[in-house]
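Analysis of the macromolecular model
Read off the chains here:
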Amino acid sequence: IAPAYATDYTAVSLGSVAGVPSQYGGLTFLNRDTLLLGGAANTSSAAIYSIPVIRDMNGFVSGFGAASVYASAGFPSGGIDGGLVIAPNGSLLFTSYPNNLFGIIKPGSTSPDKSIDLSALGVASYVGSVQIVPEGQPGQGRLKFASYNSSIWYDGALVPDGQGTYDIVLSGTSVQLSGGLEGVA
């Protein structure tokens with residue numbers, strides 16, 4: 001924790017999550033008591049795991065329950081990477097490496113219902129993460145991509161496609177950064 005934040009935050013290692021294969025990928029909370037975490041990241045056997053969280057008397061996560069597979073998140077040429085977020089319709093959205101894909105899993109599905117080739121949209125290889133700007137923040141609802149290899153930050157929008165999934169429209173606005181962009185919070 002950077003010195004400027006050390007008086008306001010603490011970090012505690014909870015160790016690895018039993019039952020989730022390494023290399024970890026994106027993570028998000030499904031709800032207050034359930035963590036979703038990508039396992040076997042960047043491989044065709046990648047999956048998203050559901051993990052009950054154990055909370056202490058102050059409500060802080062203090063441990064993990066038994067992990068179970070929530071949905072597969074692999075493609076023949078790669079799998080979930082550093083991005084995992086819940087869309088407004090409840091679908092899971094994730095980035096996939098090294099194939100530069102964007103995966104969509106509809107509520108109730110156990111495998112990707114749609115994949116979008118981000119290279120075809122102009123996203124430089126290879127995408128690292130995705131996030132949706134939260135309500136109340138400037139740009140709320142906008143889709144943000146972070147390209148790991150190229151260190152480019154992209155802006156876009158999710159557009160319902162009439163099939164319960166989405167298409168992506170990039171705004172044409174991007175920012176060149178540095179350092180290999182992976183996770184976005």
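The structure reproduced in this document is the subject of the present report. In this text the structure is predicted, and so the values were computed from the model without any measurement.

The rules behind the values
Residues numbered from 1 in each chain as written. Predicted model: local features only at pLDDT ≥ 70, side-chain atom pairs only at ≥ 80, totals over all residues. Heavy atoms only, no water. Pairing = 2+ DSSP bridges. Helix = DSSP H or I, 4+ residues; strand = E, 2+ residues; numbered from the N terminus. Axes fitted to C-alpha atoms, helices over the stretch in contact; angles between N-to-C directions. Buried < 20%, exposed > 50% of the residue type's maximum accessible area, 1.4 Å probe, protein only.

Concerning the sheet that holds strand β9 (residues 101–105)
Taken in spatial order, the five strands of this open sheet run β6-β7-β8-β9-β10, and their pairing is antiparallel. Among the strands making up the open sheet, the edge pair consists of β6 (74–75) and β10 (114–117). Examined bridge by bridge, strand β8 (residues 92–97) and β9 share five bridges and lie antiparallel to one another. Counted as the bridge partner of Ser96 is Leu101 from β9.

Details of the sheet that holds strand β11 (residues 127–132)
Strand pairing in a sheet is mediated by backbone hydrogen bonds. Such pairs are either parallel or antiparallel. Taken in spatial order, the four strands line up as β11-β12-β13-β14 in an open sheet, and their pairing is antiparallel. Both edges of this open sheet fall to β11 and β14 (166–176), since each of them pairs with a single strand only. On average, each strand axis in the sheet is tilted by 25° relative to the strand beside it, whichever way the strands run. By the bridge criterion, five bridges tie β11 to strand β12 (residues 143–147) in an arrangement that is antiparallel. Each residue of the ladder has a partner; that of Val127, found in β12, is Ser147.

Things to note about the pairing of β9
Across a regular strand the side chains alternate sides, sitting on one face of the sheet and then on the other. Counting buried residues along β9, five of its five residues qualify, which places the element largely inside the surrounding structure. Burial of β9 is two-sided: the residues Leu101, Gly103 and Ile105 facing one way and the residues Phe102 and Ile104 facing the other way are all buried. Hairpin connection of β8 to β9: three residues between the antiparallel strands, including Asn100 at a positive phi of 60°. Relative to β10, β9 is paired through four bridges, and the arrangement is antiparallel. Counted as the bridge partner of Gly103 is Ser115 from β10.

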